[in-house]
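# Commentary on secondary and tertiary structure
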Amino acid sequence: MEQATEANVKQKIPNPRVEMFKAMMGRFFQNKLAVLGGFFTFLLIFMAIFASVIVPHDPIEQNYSEIMMSPSADHWFGTDEIGRDIFSRVIYGAQVSLQAGLISVGIALAVGVPIGLISGYYRGFWDEFVIMRFTDAMLSFPPLVLALALAAVLGAGLENAMIAIGIVLTPNFIRLIRAEVIAHREREYVEAGKASGLRDWRIILIHILPNTLAPIMVQATLAIASAIISEASLSYLGLGTQPPDPSWGAMLADGQGYLSDAPWIALFPGIFIFITVLSINLFGDGIRDMLDPKLK
């Protein structure tokens, strides 16, 4: 009987981690727009992964007998000025946009996180007068102008565009992580780690970094949307994805001369850019609310 009673008591004790996870998911699902944004975001990822199965036509195949056909059962989004299926190109363009967003943000994280951690933890001359002044100088430029200049220097192409966008996004992560580290470096658990003889790199990686992951995740999610817009802008200007590979920005540039005769050429890639960026931003807002312990 005593053993059964103890087992029942143990079963009734809630697991703090499980309760915390339930509370976080509850906050997320209370935000209906965030749920909708997450649904469209994951739907877009699904379409990009299985593009080869979903699309009915080759995205780069030209058919001069079907030039600028309006949307129909055979071509859901119509065809462009050289007879390519727009629906297939839009779906494959999602691969380019998501790749650009993820890799660009990955570059920014790979550079910005270590610099922000070291700068915020050690402070001093290199932090105040070198790293932060260089960061401020980069932030003084409009992001698109700076990305355009870097892409022009590196050369046209998706790979160089992603590098340029990653460099442009890096200062935002440096400032964010530095501020978080400064807020944590004077707290008791860091002082206790120092007093116990832990090395600085262990304090930074094991104690401080995990406590900065929440704002990093939120910033990274929102930065992906910014990177998608930047890639579309560079492709629109001819410095991003090169033909014949499909890109939403390049499709907008191709369709701008046919707005009166075939508006669908530019309409559908523009709609997908809008929905994608809006969905990711709404999803990012939901993640921010979910990770905010002040919300109940």
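Residues numbered from 1 in each chain as written. Predicted model: local features only at pLDDT ≥ 70, side-chain atom pairs only at ≥ 80, totals over all residues. Heavy atoms only, no water.

Attention now moves to the overall build of the protein. Looking only at helices and strands, the protein has 13 helices and zero strands in total. Reading the protein from its N end, one meets helices and strands in the order α-α-α-α-α-α-α-α-α-α-α-α-α. Its C-alpha radius of gyration of 24 Å places the protein more than 25% over the 19 Å reference for a compact globule of 296 residues. Principal-axis analysis of the C-alpha atoms places the extent of the protein at approximately 80 × 65 × 25 Å. When the 296 residues of the protein are sorted by exposure, 42% land in the buried category. Sequence separation of at least 24 residues holds for 72% of the intrachain contacts in the protein that already meet a minimum separation of 6. Of the accessible surface of the protein, which amounts to about 16,100 Å², a share of 66% is contributed by carbon and sulfur atoms. Each charge class in the protein was averaged separately, 20 positive and 26 negative side chains, and the resulting centres sit 16 Å apart. (Helix = DSSP H or I, 4+ residues; strand = E, 2+ residues; numbered from the N terminus. Rg over C-alpha atoms; globule rule 2.2 N^0.38 Å. Buried < 20%, exposed > 50% of the residue type's maximum accessible area, 1.4 Å probe, protein only. Contact = heavy atoms within 4.5 Å. Areas by Shrake-Rupley, 256 points an atom, 1.4 Å probe, with all protein chains shown as cover. Lys, Arg positive; Asp, Glu negative; His and termini not counted. Charge placed at Lys NZ, Arg CZ, Asp CG, Glu CD.)

A few words on unusual backbone geometry. A cis amide bond links P243 to the next residue, P244, at an omega of 10 degrees. Within the secondary structure layout, P244 lies in the loop between α11 (213-236) and α12 (248-255). The residue R123 is not glycine, and still its phi comes out positive at about 50 degrees. Relative to the assigned elements, R123 resides in the loop between α5 (86-122) and α6 (124-139).

What follows covers empty space enclosed by the protein. Throughout the structure, instances matching the rule amount to one cavity of 30 Å³ or more. Estimates place the volume of the largest cavity at around 40 Å³. In terms of lining, the largest cavity is formed by D80, E81, R84, I86, R89, M251, D254 and I265. Counting only elements with at least two residues in the lining of the largest cavity, the list comes to α5 and α12. Its residues placed into classes, the lining of the largest cavity shows three nonpolar, no polar and five charged. (1 Å grid on protein atoms, 1.4 Å probe; cavity = no way out; pocket = protein on both sides within 12 Å on 5 of 7 lines; lining within 4 Å. Points joined across faces, edges and corners; volume = space filled by probe spheres on them. Nonpolar A, V, L, I, M, F, W, Y, C, P; charged D, E, K, R; others polar.)

The gaps of empty space that remain are located by a probe, the size of a water molecule, rolled over the atoms. Size it by volume and the second largest pocket reaches roughly 180 Å³. If you trace the second largest pocket, you find it lined by T41, F42, I45, L98, L102, T221, I224, I280 and F283. Where the lining of the second largest pocket is concerned, the elements lending two or more residues are α3 (32-49), α5, α11 and α13 (264-291).

This part is about the side chain of S279. Turning to its location among the elements, S279 is positioned in helix α13. You can call S279 buried: its relative accessible area is 5%. If near-sequence neighbours (up to four positions away) are discounted, S279 is found in contact with G37, F40 and T41.

What follows covers the UniProt feature "transmembrane region" (unreviewed entry) in the protein. Mapped onto this structure's residue numbering, the UniProt feature "transmembrane region" (unreviewed entry) falls at residues 33-55, 102-122, 134-154, 160-177, 204-229 and 264-284. Taken end to end, residues 102-122 is 100% helix and 0% strand, and its first and last C-alpha atoms sit 30 Å apart. A distance of 30 Å separates the end C-alpha atoms of residues 264-284, which is 100% helix and 0% strand. (UniProt positions renumbered as here; feature names shortened; annotations may be inferred.)

Moving on: the UniProt feature "domain: ABC transmembrane type-1" (unreviewed entry) in the protein. If you check UniProt for "domain: ABC transmembrane type-1" (unreviewed entry), the listed places come out as residues 94-284 in our numbering. For the annotated span residues 94-284, helix accounts for 82% and strand for 0% of the residues, and the straight-line distance between the end C-alpha atoms is 19 Å.

Turning next to the pattern of salt bridges. Inspection of the entire model under this criterion finds nine salt bridges. When the shortest N-O distance is used, the salt bridge between D136 and R133 registers 2.7 Å. Taken together, the residues span about one helical turn, with D136 and R133 both in helix α6 at a distance of three residues. When its relative accessible area of 28% is taken as the criterion, D136 is described as partly exposed. With its nearest N and O atoms 2.6 Å apart, the salt bridge here joins R175 to D136. On the criterion of sequence distance, the pair formed by R175 in helix α8 (residues 158-184) and D136 in helix α6 is long-range, its members being 39 residues apart. According to the relative accessible area criterion, R175 is partly exposed, its value standing at 37%. (Salt bridge = Lys/Arg side-chain N within 4 Å of Asp/Glu carboxyl O.)

Once that is clear, we can look at α11. Owing to its 3.6 residues per turn, the α-helix brings residues three or four apart onto one side. The terminal C-alpha atoms of α11, which comprises 24 residues, lie 34 Å apart, in line with the 34 Å expected from a rise of 1.5 Å per residue. With its phi angle positive at about 90 degrees, G238 sits one or two positions after the end of α11. (Expected span 1.5 Å × (residues − 1).)

Okay, the environment of W126 next. Counting through the fold element by element, W126 comes out in helix α6. With relative accessibility at 59%, the residue W126 sits in the exposed group. When the C-alpha positions of W126 and G93 are compared, they lie 42 Å apart, and in sequence the two are 33 residues distant.

This part takes up the packing of aromatic side chains. For the structure on display, the rule yields 11 aromatic pairs. Taking 5.7 Å as the distance between ring centres and 80 degrees as the angle between the ring planes, the aromatic pair formed by F42 and F283 counts as edge-to-face. Of this pair, F42 sits in helix α3 while F283 sits in helix α13, placing them 241 residues apart in sequence. An angle of 80 degrees between the planes, with centres 6.0 Å apart, marks the rings of F125 and W126 as edge-to-face. The same class applies to F125 as to W126, namely exposed. Here the aromatic cluster, defined as three or more aromatic residues joined through ring pairs, consists of W76, F77, F87, W248, F268 and F272. Its guanidinium or amino end placed over the ring of W201, R202 lies 5.7 Å from that ring's centre, counting from NZ or CZ. (Phe/Tyr/Trp six-rings, centres within 6.5 Å; stacked < 30°, edge-to-face > 60°. Lys NZ or Arg CZ within 6 Å of the ring centre and 35° of its normal.)

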